[in-house]
Amino acid sequence: MTSSSRGSGDAAAAQRLVDAITRRAALHEAIGVVQAWSGDQDHVLERFCDRRSDAEREAEVARVNAVVDAAAERRADPDWGD
């Protein structure tokens, strides 16, 4: 039997894992977008990894993904069958 305090710790650890995976997925999505835009692998690594703090990198990921989301809203997404 587990205690309620352990359950809380497990839930917090699970949430941290979900948050980390979500950030990683968003980073990889943004990297793929920038690779498609520029075709330059080195540019992508510099933009997201080499010279950025975590906060700067996450801001750039959010910016790139916001541009993609804004463009996607103007047309149907074939993956969703619209």
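Residues numbered from 1 in each chain as written. Predicted model: local features only at pLDDT ≥ 70, side-chain atom pairs only at ≥ 80, totals over all residues. Heavy atoms only, no water.

Chemist: Hey, could you run me through the overall build of the chain in this one?
Modeler: When its secondary structure is counted, the chain shows three helices and zero strands. Secondary structure of the chain in N-to-C order comes out as α-α-α. Residues classed as buried in the chain amount to 16% of the 82 residues present. Pairs at least 24 apart in sequence give 42% of the contacts found in the chain among residues at least 6 apart. Per element, the accessible surface of the chain, about 6300 Å² overall, is 52% carbon and sulfur. (Helix = DSSP H or I, 4+ residues; strand = E, 2+ residues; numbered from the N terminus. Buried < 20%, exposed > 50% of the residue type's maximum accessible area, 1.4 Å probe, protein only. Contact = heavy atoms within 4.5 Å. Areas by Shrake-Rupley, 256 points an atom, 1.4 Å probe, with all protein chains shown as cover.)

Chemist: Even after reading the chapter, I still don't get the packing of helix α2 (residues 41–50) against helix α3 (residues 54–72), so can you show me in this structure?
Modeler: Look at α2 against α3: their axes get within 8 Å of each other, and the N-to-C directions meet at 125°. Of the possible angle classes, the one that applies to α2 and α3 is oblique. For the pair α2 and α3, contact is made by R47, F48 and C49 and by R57, E60, V61, R63 and V64, respectively. Along the lines of polarity and charge, the residues of the contact of α2 with α3 split into four nonpolar, no polar and four charged. (Axes fitted to C-alpha atoms, helices over the stretch in contact; angles between N-to-C directions. Parallel < 35°, antiparallel > 145°, perpendicular 65-115°, else oblique. Nonpolar A, V, L, I, M, F, W, Y, C, P; charged D, E, K, R; others polar.)

Chemist: Is there a simple way to explain the layout of surface pockets in this structure?
Modeler: Using a probe with the size of a water molecule, rolled over the atoms, empty space left in the structure can be pinpointed. Reported here for the largest pocket is a volume of approximately 210 Å³. The wall of the largest pocket is formed by A20, T22, R23, R24, A26, L27, D54, R57, E58 and V61. Contributing elements (two or more residues each) for the lining of the largest pocket: α1 (4–38) and α3. Per-element accounting of the lining of the largest pocket gives the leading share, six residues, to α1. The residue makeup of the lining of the largest pocket, split by class, is four nonpolar, one polar and five charged. (1 Å grid on protein atoms, 1.4 Å probe; cavity = no way out; pocket = protein on both sides within 12 Å on 5 of 7 lines; lining within 4 Å. Points joined across faces, edges and corners; volume = space filled by probe spheres on them.)

Chemist: What should I look at first to understand the side chain of E60 in this one?
Modeler: Structurally, E60 is set in helix α3. Owing to a relative accessible area of 11%, E60 belongs among the buried residues under this scheme.

Chemist: It is not clear to me how the nonpolar core should be interpreted in this structure. Could you clarify?
Modeler: The nonpolar side chains of soluble globular proteins are, as a tendency, buried together. By size, the foremost hydrophobic cluster in this structure holds nine residues: L27, A30, I31, V33, V34, V44, F48, V61 and V64. Secondary structure elements with two or more residues in this core: α1, α2 and α3. Ignoring anything within four residues of it in the chain, the contact list for V61 reads A26, L27, A30 and F48. (Core = buried A, V, L, I, M, F, W, Y, C linked by side-chain atoms within 4.5 Å.)

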